[in-house]
Amino acid sequence: MKFGSGGSLPRVEDCRLLTGGGRYLDDLSLDGLTHAVFVRSPHAHAHIVAVDTRAAAAAAGIHAVYTGKDLVEDHGLGAVPFRQFPPLPQVTPLTPPPRYPLMPDIVRYVGDNVALVVAETLEQALDAAELVDVEYQVLDAVANPAVAVTPEAPQIWSGAPNNVVGVWAQGDEAAVDAAIAGAARVTEIELVNNRLVPNSMETRGCTCEFDGNTGRYTLHIGVQMPHLLKTHLCEDVFHIAEDRLRVVVPDIGGGFGMKVFCYPEYAAVMFAAGQLGQPVRWCSGRSEAFISDIHGRDQVNRAQLAFDGDGKIVAMKVQSLGNMGAYIAYQGAFIPTVSSFRVLSNTYEVPALYGECKCVLTNTGPTDAYRGAGRPEAVYLMERLMDKAAAEMALDPVELRRRNMVAKSAMPYTNATGMVIDSGDFPRMMDVAMAAHDWPGFAARREAAQRRGRLAGRGLAMYIEHTGRNEFTETVDISVSGGGGSEEGSVTVYSGTQEMGQGLKTTYVQLVAERLQIDPARIAIIQGDTDLVATGGGSGGSRSLYVGGSATVVSTQALIDEARNLAADALEAAAADLEFAVGRFTVAGTDRSIGLFELAAAQPDAMFAISETTTSGDLTWPNGCHICEVEIDPDTGEITLTRFTAVDDVGTVVNHVIVDGQVHGGVAQGIGQALLERVAYDRDGQILSGSFMDYTMPRADDVPFYTVVADETSPCTTNILGAKGAGECGSTGAPPAVVGAVCDALKDFGVVHLDMPISGEDVWRAINGGR
């Protein structure tokens, strides 16, 4: 077999996409298509006194203008759902305000939906939207979570006193406080994890059709979890049976977690299509995306890390404010709590840990999962603590990490928050990374930089994250269609995971081709159609390979077993006497054989199929070590990344090219967070960074060439592939490595920590303040 696991089957998607064959949402053409535009609140907090739609409705080409009263009060549409905390002793339930498809009475952030205009053309809809006259009673607003929790702050929702909409706590606070009080040394830090806009290449949007004869909707949409969206729209918003909605996913131009959820816009467009009986399309503009897409990160963390006299960690205490924004997006409250807390101890032994997070409402856009979804925030906090502690102890930061690292012999290891890490060799990750990076050579590189009048710094960060979203089951159907001979026929795989640019179809084709030993070109992967694929967990939390891929392998073997029985009948032989190779069954010791496609051709309808449901065991725990070097111009503060090395334990690798690509992209996004990206609001909740003029995205010359190593020495034990999720390694390990490098370059100026994103101006001020 030419291509097997660990090889690099060329991406089967690329030829079509690179030659213009991609079909994204905006490429869809339907008869009678109309265009939708949302009227959004310009205020961060206001009562809606009245909405006058008469002038807009009378404009040329207008089909309809809808308000919150139409959808919520007159037709009874429900709010988009959120995920509630489980009932645990240290957890208070979430009590957020409802977020409707169109808000009927009050808006809580700039960008809240107020009305929907549907017209013959997009230009007509845009013009008419300006004619919708909304009378607001403006209220006081608050954008900073640290201010929002004070008694003097404006109250956003009656169910959230002091704007705290829920609290998650974990651990024995009294025991941790006692351990900290008795420690030989305690390092403290307070930092902000900056808010980010996901900025996928393709913005969000949807097109909905309604069949008046059947009462069915068809929603064409770029979404990562089509079955979840279907459930939320039918059960929570429209209160209809799920068989009345079909979700179809075209090509997706990136998701990063932002395209997982049910947004208000999808429900409003679906409603309009049902009312008009015509297809309705909405595609977000880029500036609109800045205020309507969920944002990522945005935490305020205060932490203490206590050590004994030998530099061993004895306890950790974390108190966080998680900025939910104006509403709780679907799993927004789980990001700074459950997802973060699982990895607060990172790769280290922490005997006692207490964490508390207050989920805070502010008059800003809602936050939710963005590549890493809580794990980058937790890892960043611990790694900044370790660097600061090492500086305070005058100890090599590498040595401090070694003293506290969980040993390979401890696996499976139960960490401080009760999570079982099945496999890993953390000391090895650091050793391999330091060797790949040429760690000893830094002294010479630093001296060379000094001769050129530049400051050089080096940062090292360990990380661990969890993948899987607690969704471990997938059903994969596989069918074989026959032809007249062995050169004809095809295999079709139906999977409920979702391709969104990460090369998932290539990986599945490789797994199937390896086991059937057939030409990969004869294998098709079907995803993203809830009529063709009955169930599925979609893609998110880096679950697709180890859950969906494992299910694909199990189903492929089941297909071979079914084909073996059919071949036994066709060849009049015992199934046990058949050997399978290169897509054919052969009676052992003879030349009598039959191929998969010949078998299929002989069946009713010229095909046979199987369906298997597979459950993988648990979360996976990718981990690794990232090292960054920077040079700084002391006269301007300009930061240049000169080296970056990423060594990642992602378990067994199926396709190295795809894994490397995932790490490359994640590292670029991590560098963006560390040095460039930040959503800024003023005190009144007006967004100040609402376009690429004010929000800096990483460009090619902002990132160096990477050294990327996928270490396969610790395969995962909880799935049959041995794989660990690889999609979020880069965005987890890069930020602390980059920030550590900058702070190392500035240590002679008394700099211990700078909050992200670290701009040239921040560096210049730090240097001159130090002087």
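Here goes a summary of the coordinates provided. (Residues numbered from 1 in each chain as written. Predicted model: local features only at pLDDT ≥ 70, side-chain atom pairs only at ≥ 80, totals over all residues. Heavy atoms only, no water.)

## Comments concerning the overall build of the protein chain
Heads up, the condition is: Where helices and strands are cited, they refer to DSSP runs of H or I of at least four residues and of E of at least two residues respectively, numbered from the N terminus. We compute the radius of gyration over the C-alpha atoms and compare it with the globule rule, which gives 2.2 Å times the number of residues raised to the power 0.38. Note on exposure labels: buried denotes an accessible area under 20% of the residue type's maximum, exposed denotes more than 50%, and partly exposed covers the range between, all computed with a 1.4 Å probe on protein chains only. Here a residue-residue contact requires only that any non-hydrogen atoms of the pair lie within 4.5 Å.
On a plain count of helices and strands, the protein chain comes out with 20 helices and 29 strands. On C-alpha atoms alone, the protein chain measures out to a radius of gyration of 28 Å, which is about the 28 Å that the 2.2 N^0.38 rule sets for 771 residues. Dimensions of the protein chain, computed from the C-alpha atoms along their principal axes, are close to 85 × 75 × 55 Å. For the protein chain, buried positions account for 60% of its 771 residues. Taking as baseline every contact in the protein chain between residues at least 6 positions apart, the subset at least 24 positions apart corresponds to 80%.

## Considerations on the sheet that holds strand β9 (residues 185–193)
Applicable threshold: Strand pairing is assigned whenever DSSP identifies at least 2 bridges connecting the two strands. Interaxial angles span 0 to 180 degrees and are taken between N-to-C directions of axes, which are lines fitted to C-alpha atoms, for helices over the stretch in contact.
Read from one edge of the open sheet, six strands run β4-β8-β16-β15-β14-β9, paired in mixed fashion. If you trace the sheet from one side to the other, it starts and ends with β4 (91–92) and β9, each paired once. Where β4 lies against strand β8 (residues 164–170), two bridges are found, and the strand directions are antiparallel. Paired with V91 across the strands is W168, a residue of β8. Sheet strands touched by helix α11 (residues 375–393): β9, β14 (299–307) and β15 (313–325). Its angle to β9, the strand with the most contacts, is close to 140°.

## Concerning the packing of helix α18 (residues 656–675) against helix α19 (residues 729–745)
Selection criterion: Should an angle fall under 35 degrees it is called roughly parallel, over 145 degrees roughly antiparallel, and 65 to 115 degrees roughly perpendicular, with every other angle called oblique. Should the near helix be turned counterclockwise from the far one by less than a right angle, the crossing is left-handed, whereas a clockwise turn marks it as right-handed. For this scheme, ten residues count as nonpolar: Ala, Val, Leu, Ile, Met, Phe, Trp, Tyr, Cys and Pro. Four count as charged, namely Asp, Glu, Lys and Arg, and the remainder, Gly too, count as polar.
Relative orientation of the contacting elements α18 and α19 amounts to 45°, with a least axis distance of 7 Å. If you check the angle between α18 and α19, you find them oblique. For the pair α18 and α19, the sense of crossing is right-handed. On the side of α18, the interface is formed by V663, G666, V667, G670, I671, Q673, A674 and L675, while α19 contributes G730, S731, A734, P735, V738, V739 and V742. Its residues assigned to classes, the contact of α18 with α19 comprises ten nonpolar, five polar and no charged.

## Structural notes on the sheet that holds strand β29 (residues 706–711)
Taken in spatial order, the four strands of this open sheet run β19-β27-β28-β29, and their pairing is mixed. A single partner strand is all that each edge strand has here, and the edge strands are β19 (455–464) and β29. With strand direction ignored, the average angle separating the axes of adjacent strands in the sheet is 10°. Inspection of the sheet shows strand β28 (residues 639–649) paired to β29 by six bridges, in the parallel sense. Looking across to β29, one finds that T645 is bridged to T707.

## Focus: helix α15 (residues 504–516)
Note the cut-off: The span one expects for a helix is its residue count, reduced by one, times 1.5 Å.
With 13 residues, α15 should cover 18 Å at 1.5 Å per step; its first-to-last C-alpha distance of 18 Å lies within 8% of that length. Of all 13 residues that make up α15, ten are buried, and the element is covered over most of its length. Along α15, the residues classified as buried are L504, T506, T507, Y508, V509, Q510, L511, V512, A513 and L516. Elements in contact with the buried residues of α15: β21 (489–495), β22 (523–526), α16 (544–571), β23 (578–581), α17 (596–601) and α18. Q517, located one to two residues past α15, shows a positive phi value of around 55°.

## Quick look at the environment of D684
Take D684: it is sitting in the loop between α18 and β29. Distance from D684 to A141, taken between C-alpha atoms, is 5.3 Å for residues 543 residues apart in sequence. Excluding residues within four positions of it along the chain, D684 makes contact with A44 and A141.

## Some thoughts on the pattern of salt bridges
Put simply, the test is: Any Lys or Arg side-chain nitrogen located within 4 Å of an Asp or Glu carboxyl oxygen qualifies as a salt bridge.
Under the defined criterion, the tally for this structure stands at 38 salt bridges. In this structure, D251 and R16 form a salt bridge, with 2.7 Å as the shortest nitrogen-oxygen distance. Of this pair, D251 sits in the loop between β12 (245–248) and α8 (264–276) while R16 sits in helix α1 (residues 14–18), and the two are 235 residues apart along the sequence. Judged by its relative accessible area of 16%, D251 is buried. Among the salt bridges present, the one from D177 reaches K317, with a minimum N-O distance of 2.9 Å.

## Observations regarding the packing of aromatic side chains
The relation between two aromatic rings is expressed through the spacing of the ring centres and the mutual angle of the planes. Convention followed: Aromatic pairing here means that ring centres of Phe, Tyr or Trp (its six-membered ring) are within 6.5 Å. Orientation follows from the plane angle: under 30 degrees is stacked, over 60 is edge-to-face, and everything else is tilted. Any Lys NZ or Arg CZ found within 6 Å of a ring centre and within 35 degrees of that ring's normal is scored as a charge over the ring.
Per the counting criterion, the structure on display carries 13 aromatic pairs. An angle of 45° between the planes, with centres 6.0 Å apart, marks the rings of Y217 and F238 as tilted. Of this pair, Y217 sits in strand β11 (residues 216–221) while F238 sits in helix α7 (residues 226–238), placing them 21 residues apart in sequence. Using a relative accessible area of 9% as the deciding quantity, one classes Y217 as buried. What makes F238 buried here is its relative accessible area of 13%. Note on Y263 and Y266: the rings are 5.6 Å apart at their centroids and 70° apart in plane angle, and the pair reads as edge-to-face. Across this residue pair, the class does not change: Y263 and Y266 are buried. By way of ring pairs, the aromatic residues F85, W168 and F334 are connected into one cluster. The side chain of R83 reaches across the aromatic face of F334, ending 4.1 Å from its centre. One residue, R458, lies across the ring of W439, its end atom 3.5 Å from the ring centre.

## Observations regarding the environment of C15
Within the secondary structure, C15 sits in helix α1. For the pair C15 and S29, spaced 14 residues apart in the sequence, the C-alpha separation amounts to 23 Å.

## Examining the environment of D431
Tracing the sequence through the fold places D431 in helix α13 (residues 426–437). Exposure remark for D431: the relative accessible area of 38% places this residue in the partly exposed category.

The analysis is restricted to geometry; functional conclusions fall outside its scope.
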